[in-house]
Amino acid sequence: MMNMQTGAKGWLKFIPIGGVGEVTRNMYVYETPNDMVVVDCGIGFPPEEEGAPENELLLPDFSYLIANQRKLRALLITHGHEDHIGGIPYLLKKIRVPVYAARLPAGLIREKLEERGPKKVDIRETMDGQHIKLGSDFSFEFIRLTHSIPDTMAIALSTPLGAVIHTGDFKLDPTPLDRRLAQLGKIEEYGRRGVLLLASDSLRAEREGSSPSERIVGETFFREIQKTRGRVFITMFSSDVSRIQQAIDVAVALGRKVTLAGLSLEKSFEVARNLGYLVVPKGEVIDNAKLKKLPVSSQLIIVSGSQGQSNSALAKMARGEHRAFKIGQGDLIMFSSDLIPGSEDRVRNLQEQLREMGAKVLYLEEIPEIHVSGHAYAEDLKRMIQAARGQYIIPIGGTEESMKAYVKLARGFNYRDNQVFLLENGQVLEFYPFENGVAARISGRLNLREFSVTQD
């Protein structure tokens, strides 16, 4: 580990390209005069508007990275959700950079690259605890955290001006499905030695207490499905591996067979199963055609479309356009996800359409335990603040409201206004040696542009 070095030459810049004031398109730049490291490369989803192309994805603006690619040393990945890895194929078509990721996100990234290219890529699987040098100014190690997907990591980035703890999305789950607890003690070690900056997930800062364990969702699945005699559809984020496992476990316990509907969901399932992150009894997951032949009381369909996307499998079922399934009387449909800001109207419209077709629809506002957040609530965010003891703090990965709530939490630990920075995408926060320490200031702003692609 590198202690904070006072009197060091040069500067350190932190630049959010995406991910502040929004919960998608996460991308963050750390830069010194000699080197640059990028954390995450996610996609966003535009509000669905009449006449807009289907399957449109929002990308971060890669212009600054392209202009400085001679000093770009690495792309570091915190976890495997789309809003953190979905933009990687589009970035790697423009520049070459090694990608460091834990085993599951590395597998998910490789699957994306097989479909969208480029073919020659440098993916380096990295375990927590490995110390890796990046150029002359950076080194890093992954520190295991918990989230709603296995292999979620914080990044401890050592720099000439001090250590940075970048959490990515996290919560402190006391009973994670893989039984691998968050390594908060490692972050406390960095805190004792001296942390310059804590860049922390802030999305649920306004919620009191601690985020519930992921296991609560499985208990809810069991309770509601046990009462159902018809078909069961569960929709969730396609990369929500822990949620997929719980749906399968409940199906096994209640004597139902499982099928998957949705290309991205099927691909995530195959990657996770092949790498050993999903435990699936032989013959439990079958194809759509075989499941249709079973009694409806023996069917459970995990389906994509939790955000109401018009091209999703669930929306196609609601319109009678899906090749295998059409929603009908007696079906139970469970929305096991939070809403991405901007998707609220289309999700409500889809839910109403499903009800009109005779289905029973369960969702978060009606049954809170049908989904638990993968993000830390206030008490766990406080624990992270106390563990890292950062000289400076930046809330990331949240809405404007949640980031402001996080600032209030930090002020409760006597952080002053010049220590907590509420940034906007493109703003440049610069750290520089000053007197006997390190000072910080907003030193500029990138002129970011909107980029989108239409996914086939």
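So, a few notes on the structure that sits alongside this text. (Residues numbered from 1 in each chain as written. Predicted model: local features only at pLDDT ≥ 70, side-chain atom pairs only at ≥ 80, totals over all residues. Heavy atoms only, no water.)

1. Some points on the overall build of the protein
Of the regular secondary structure elements, the protein holds 13 helices and 23 strands. The globule rule puts the C-alpha radius of gyration for 456 residues at 23 Å, and the 22 Å found for the protein is close to it. By its C-alpha atoms, the protein is 75 × 40 × 40 Å across when sized along the principal axes. Looking at the protein as a whole, 61% of its 456 residues are labelled buried. Put simply, of all contacts in the protein between residues at least 6 apart along the chain, 75% involve residues at least 24 apart. For the protein, the accessible area works out to roughly 18600 Å², and carbon and sulfur atoms hold 46% of it. Positive and negative side-chain charges in the protein, numbering 58 and 58 respectively, have mean positions lying 4 Å apart. (Helix = DSSP H or I, 4+ residues; strand = E, 2+ residues; numbered from the N terminus. Rg over C-alpha atoms; globule rule 2.2 N^0.38 Å. Buried < 20%, exposed > 50% of the residue type's maximum accessible area, 1.4 Å probe, protein only. Contact = heavy atoms within 4.5 Å. Areas by Shrake-Rupley, 256 points an atom, 1.4 Å probe, with all protein chains shown as cover. Lys, Arg positive; Asp, Glu negative; His and termini not counted. Charge placed at Lys NZ, Arg CZ, Asp CG, Glu CD.)

2. Remarks on the packing of helix α6 (residues 215-226) against helix α7 (residues 241-253)
Interaxial distance between α6 and α7 falls to 9 Å at its minimum, and their mutual angle equals 35 degrees. You can see that α6 and α7 cross each other, and the crossing is right-handed. Packed against α6, whose contacting residues are Arg 215, Val 217, Gly 218, Phe 221, Phe 222 and Ile 225, the element α7 presents Arg 243, Gln 246, Ala 247, Val 250 and Ala 253 at the interface. The class makeup of the residues in the contact of α6 with α7 is seven nonpolar, two polar and two charged. (Axes fitted to C-alpha atoms, helices over the stretch in contact; angles between N-to-C directions. Left-handed = near helix turned anticlockwise from the far one by under 90°. Nonpolar A, V, L, I, M, F, W, Y, C, P; charged D, E, K, R; others polar.)

3. Observations regarding unusual backbone geometry
With an omega of 0 degrees, the peptide bond running from Gly 117 to Pro 118 counts as cis. You can see Pro 118 is positioned in the loop between α4 (103-116) and β8 (123-125). Within the chain, Asp 151 stands out as a residue other than glycine whose phi angle is a positive 60 degrees. Notably, Arg 389 is not glycine yet its phi reads approximately 55 degrees, a positive angle. The residue Arg 389 is located in the loop between α12 (378-388) and β19 (392-396) in this model.

4. Some words on the sheet that holds strand β11 (residues 152-159)
An order of β9-β10-β11-β12-β13-β19 is seen for the six strands of this open sheet, with the pairing classed as mixed. Of all the strands in the sheet, the pair left with one neighbour each is β9 (132-134) and β19. Put simply, the sheet's adjacent strands are angled 25 degrees from each other on average, direction ignored. Contacts from helix α5 (residues 184-193) reach β10 (138-145), β11, β12 (162-166) and β13 (195-201), with the element oriented near 140 degrees to β10. (Pairing = 2+ DSSP bridges.)

5. Notes on helix α11 (residues 344-356)
An ideal rise of 1.5 Å per residue puts 18 Å on 13 residues; α11 measures up with 19 Å between its terminal C-alpha atoms. Looking at α11, one finds that the buried residues are Arg 346, Val 347, Leu 350, Gln 351 and Leu 354. When α11 is viewed along its axis, its buried side chains cluster within an angular range of 135 degrees and face the same direction. Away from the buried face of α11 by more than 90 degrees, exposed residues Asp 345, Asn 349 and Glu 356 are located. Of the surrounding elements, those touching the buried residues of α11 are α10 (313-318), β17 (332-335) and β18 (360-362). Positive phi shows up at Gly 358, right after α11, with a value of about 100 degrees. (Expected span 1.5 Å × (residues − 1). Arc of directions from axis to C-beta.)

6. Let's talk about the sheet that holds β18
Strand order in the open sheet made by the five strands is β15-β16-β14-β17-β18, with parallel pairing throughout. One side of each edge strand has no neighbouring strand; the edge strands of this open sheet are β15 (257-261) and β18. Within this sheet the neighbouring strands show an average axis-to-axis angle of 20 degrees, counted without direction. Set on the sheet, α7 makes contact with β14 (232-235), β15 and β16 (299-303); between it and β16 the angle comes to about 175 degrees. Each of β17 and β18 is contacted by α11, which is oriented at about 170 degrees to β17, the strand it contacts most.

7. Regarding the pattern of salt bridges
With the rule as written, the count across this model stands at 28 salt bridges. Of the charged contacts in the structure, one is a salt bridge between Arg 116 and Glu 115, with a shortest N-O distance of 3.4 Å. For Glu 115, the salt bridge is made with Lys 267, and the minimal N-O distance between the two is 2.7 Å. Note that Glu 115 is positioned in helix α4 and Lys 267 in helix α8 (residues 263-274), a separation of 152 residues in sequence. Of the residues examined, Glu 115 reaches a relative accessible area of 41% and is grouped as partly exposed. (Salt bridge = Lys/Arg side-chain N within 4 Å of Asp/Glu carboxyl O.)

8. Comments concerning the nonpolar core
Leu 75, Ile 109, Phe 221, Ile 234, Ile 302 and Met 334 are the most contacted members of the largest nonpolar core, which has 63 residues in total. Residue contributions to this core peak at six residues, all from α7. Filtering out sequence-adjacent residues up to four positions away, Phe 221 remains in contact with Ile 234, Arg 243, Gln 246, Ala 247, Val 250, Met 334, Ser 336 and Ile 370. Phe 14, Ala 102, Phe 142 and Leu 429 belong to the second largest nonpolar core, which has 36 residues in total. (Core = buried A, V, L, I, M, F, W, Y, C linked by side-chain atoms within 4.5 Å.)

9. Some details on the side chain of His 79
Inspection of the secondary structure assignment puts His 79 in the loop between β6 (72-76) and α2 (82-85). Side chain to side chain, His 79 and Thr 78 meet in a polar contact 3.0 Å long. Only 3.5 Å separates the side chain of His 79 from the side chain of Asp 169, close enough to count as a polar contact. Among residues more than four places away in sequence, those in contact with His 79 are Asp 40, His 84, Ile 85, Pro 105, His 147, Ile 149, Asp 151, Thr 152 and Asp 169. (Polar contact = N/O pair within 3.5 Å; in protein donor to acceptor, adjacent residues only side chain to side chain.)

Note that all results are geometric; they support no functional claim without further evidence.
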